[in-house]
Amino acid sequence: MSYSFQRDSFINEIYKEAQKNKNIYFLSADFGAPSLDIFRKKLPKQFIHTGISEQNTIDIAIGLSLKNKIVVNYAMAPFILSRAWEQHKISSVMKLPMINLIPGIGYGYANAGPTHYSNEDLGLANLIVNSNIYTISDSKSASFVAKNIIKKKSLYFIRLDREKNHNIDYTFKNRDMKNGYRVIFNGKKLCIISHGFLLNKLWRIINNNKYFRENITLIDLFRCKPISKSLSILLEEHFHTIVFDEQYEMFNLSTLLLSYVNKNNLNTRIVGNALNEIIDFGNDGREALLERNNLSDKKIIAKIEKFIW
Amino acid sequence: MNINKIKQNSKKIKLEIFKKFIEIKEGHPGSILSVFDIVSCLYLGKFINSKKNTKNNDYFIMSKGHAGSVQYPYLIKNNIIKKSEWQNWKKNKKSILKIFPNNKIPGVDVTSGSLGHGLGIASGLAISNQNETTKKKIWVIIGEGELYEGSTWEALLFIKHHNLYNIKIIIDRNELIILGKTENCLKLNPIKKKLEGFGFKVEQIDGHNYYKIIPSLKKLKDSKETRVLICNTIKGNSVSFMENKRDSHYWQELTKMKKKQLLKELKI
């Protein structure tokens, strides 16, 4: 089983393309990665250190995008989006394409405390008109998404996990990008949808249990905005769809799916599992934080068992 | 350059703008009148490269978007906006002109309205310029109220660090914000020293005196250093019942007598 960082896989793809295309600019608000060190060294004219100033970073990106440059903005999840939300709104108002890389979503910075948690970024990104939201669950999907979006001119929010993740045993197909999801297991008894870190966790849990493997449909909804029409067929095949997300209960992946189900008048039931509306100062690691939100391995297994039997 | 001629033509344009505001019953008169003379010198003095169908036009960002409609008469004069758009303003749904400019309007480079974005956006345009052969100028007018926005200072740091002297920064300093005088609400002074502390060359002039504005704009245009031109202005300038009145920020319902007085004073 291999492990790697999503951000490096994503940036490596951008770097490959940037070598061929001088119109690609990478803006960092003082946030790094080993892959970015190579980018900075080899393509200094295409790398801009914008200082720890997320608002100005996005304004600079707007200026570059007005000149038809392909811009990638990069800073820690809680700051690049929430601190600069109005700037993102302005880029949307002007219909300017850009790629916002958002590493460290959810409890990715568990050791840093609530100022660094990013448990509301999905809602904020969703509120940006015409945004496309991708949430990456392993480095293979990071490369796959990067390759597919770099040449497309749209407004993207790419949500990445901070940690090294298991590479999920899955070969991407061309249709996956169009769908915005991949079906990792295809059982008949229960449907589970997630993305990002929790999808990776769910894959590990299900992969280690033969009964789960054979009876669960596990969907990695790596693009949750817009949600593809084809997902409705999969949803209607199941009475229940359980959704897991590392965002607050006020807005998370299940909120988007519920809206999708209502809009399309689908006959299925969405069961959301997300974070409680509390500020948790417990400086005891991501798993402990998840445990208090009923999202530890043990509690996830209990939930699955409740619905699958 | 015949400064008197520019002055005379400016007066006609100012009158036209206010006839239009009276007709459409909206506008931000106080801010337009404070920035008007600077904008008029920029366009009529041909400091801004602004022609029809050319890719070499300079950029112009009215960062204080509420005064952005002041550009329209000049863009019409340069055949960039059709004259019929001015005539049809607010007359039908297809009318493209708005009080706050947006980048769908020909000749308008940036959608503005929300304060504090102009210099950051200009930085992106200028950085992109650096790798190109044609060095376009990026003229940015910010209101002093935008100096309250942190993003403005973030951008100034960036502009200085990268020596983006192609960004031509003008501050419209009319000393008023919505709730009163800036120095009473939250002190901005000493603005000049603060900007000099950031490493900019700063000049401060009377923003209604054409004989001061035009030479300073020339200096700003030709400079290979990062510079800021602070223009001391009067909100509501040249209309006695609007001058230095914070209420002149928004369009107020005018009596027949006030309309008459406004147009009369603008003709003088």
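Every value quoted in this text rests on a predicted model; they were computed, and no experiment measured them. (Residues numbered from 1 in each chain as written. Chains lettered and ligands numbered in written order. Predicted model: local features only at pLDDT ≥ 70, side-chain atom pairs only at ≥ 80, totals over all residues. Heavy atoms only, no water.)

A. Local environment of the overall build of chain B. Tallying secondary structure elements over chain B gives ten helices and seven strands in all. For chain B, the C-alpha radius of gyration of 18 Å lies close to 18 Å, the compact-globule estimate for 268 residues. Taking the contacts inside chain B whose residues are at least 6 apart along the sequence as the reference set, 74% of them involve residues at least 24 apart. Accessible surface for chain B amounts to roughly 12,200 Å². Of this, 51% is attributable to carbon and sulfur atoms. Across chain B, 49 positive and 24 negative side-chain charges occur, with their mean positions spaced 6 Å apart. (Helix = DSSP H or I, 4+ residues; strand = E, 2+ residues; numbered from the N terminus. Rg over C-alpha atoms; globule rule 2.2 N^0.38 Å. Contact = heavy atoms within 4.5 Å. Areas by Shrake-Rupley, 256 points an atom, 1.4 Å probe, with all protein chains shown as cover. Lys, Arg positive; Asp, Glu negative; His and termini not counted. Charge placed at Lys NZ, Arg CZ, Asp CG, Glu CD.)

B. Geometry of the packing of aromatic side chains. Residue and element names in this part refer to chain A. Under the counting rule described, the total for this entry stands at 21 aromatic pairs over all chains. Ring centres of tyrosine 170 and phenylalanine 172 lie 5.3 Å apart, and the angle between their planes is 75°; this geometry places the pair in the edge-to-face category. Judged by its relative accessible area of 18%, phenylalanine 172 is buried. Members of the aromatic cluster, each reached through a chain of ring pairs, are Tyr15, Phe26, Phe31, Phe39, Phe47 and Tyr74. (Phe/Tyr/Trp six-rings, centres within 6.5 Å; stacked < 30°, edge-to-face > 60°. Buried < 20%, exposed > 50% of the residue type's maximum accessible area, 1.4 Å probe, protein only.)

C. Focus on the side chain of threonine 50 of chain A. Here threonine 50 of chain A lies in the loop between β3 (47-49) and α3 (54-66). The class for threonine 50 of chain A is buried, based on a relative accessible area of 5%. If sequence neighbours within four positions are ignored, threonine 50 of chain A has contacts with Leu27, Ser28, Ala29, Thr57 and Ile60 of chain A together with Phe158 of chain B.

D. Representation of the nonpolar core in the model. One finds Ile193, Leu231 and Leu257 of chain A together with Ile167 of chain B to be the most contacted residues of the largest nonpolar core, which totals 74 residues. Counting residues per element, this core draws most heavily on helix α5 (residues 118-130) of chain B, at six residues. Taken domain by domain, the makeup of this core includes at least three residues from each of domain 1 (3-165) and domain 2 (178-308) of chain A. Counting residues in each nonpolar core, the second largest holds 63 residues, with Ile11, Ala110, Ile150 and Ile168 of chain A among its members. (Core = buried A, V, L, I, M, F, W, Y, C linked by side-chain atoms within 4.5 Å. Domains from an automatic or database assignment.)

E. Region of interest: the pairing of strand β6 (residues 201-206) of chain B. All names here are of chain B. With six bridges joining them, β6 and strand β7 (residues 227-232) adopt parallel strand pairing. Within the sheet, the bridge partner assigned to aspartate 206 lies in β7 and is asparagine 232. Where the polypeptide runs from β6 across helix α9 (residues 210-222) and back to β7, its parallel neighbour, the crossover connection is right-handed. (Pairing = 2+ DSSP bridges. Right-handed = clockwise from strand over helix to strand, strands pointing away.)

F. Fine view of helix α6 (residues 150-161) of chain B. Its twelve residues place the ends of α6 of chain B 17 Å apart at the C-alpha level, agreeing with the 16 Å of an ideal helix rising 1.5 Å per residue. All buried positions along α6 of chain B are accounted for by Ser151, Thr152, Trp153, Glu154, Ala155, Leu156, Phe158 and Ile159 of chain B. (Expected span 1.5 Å × (residues − 1).)

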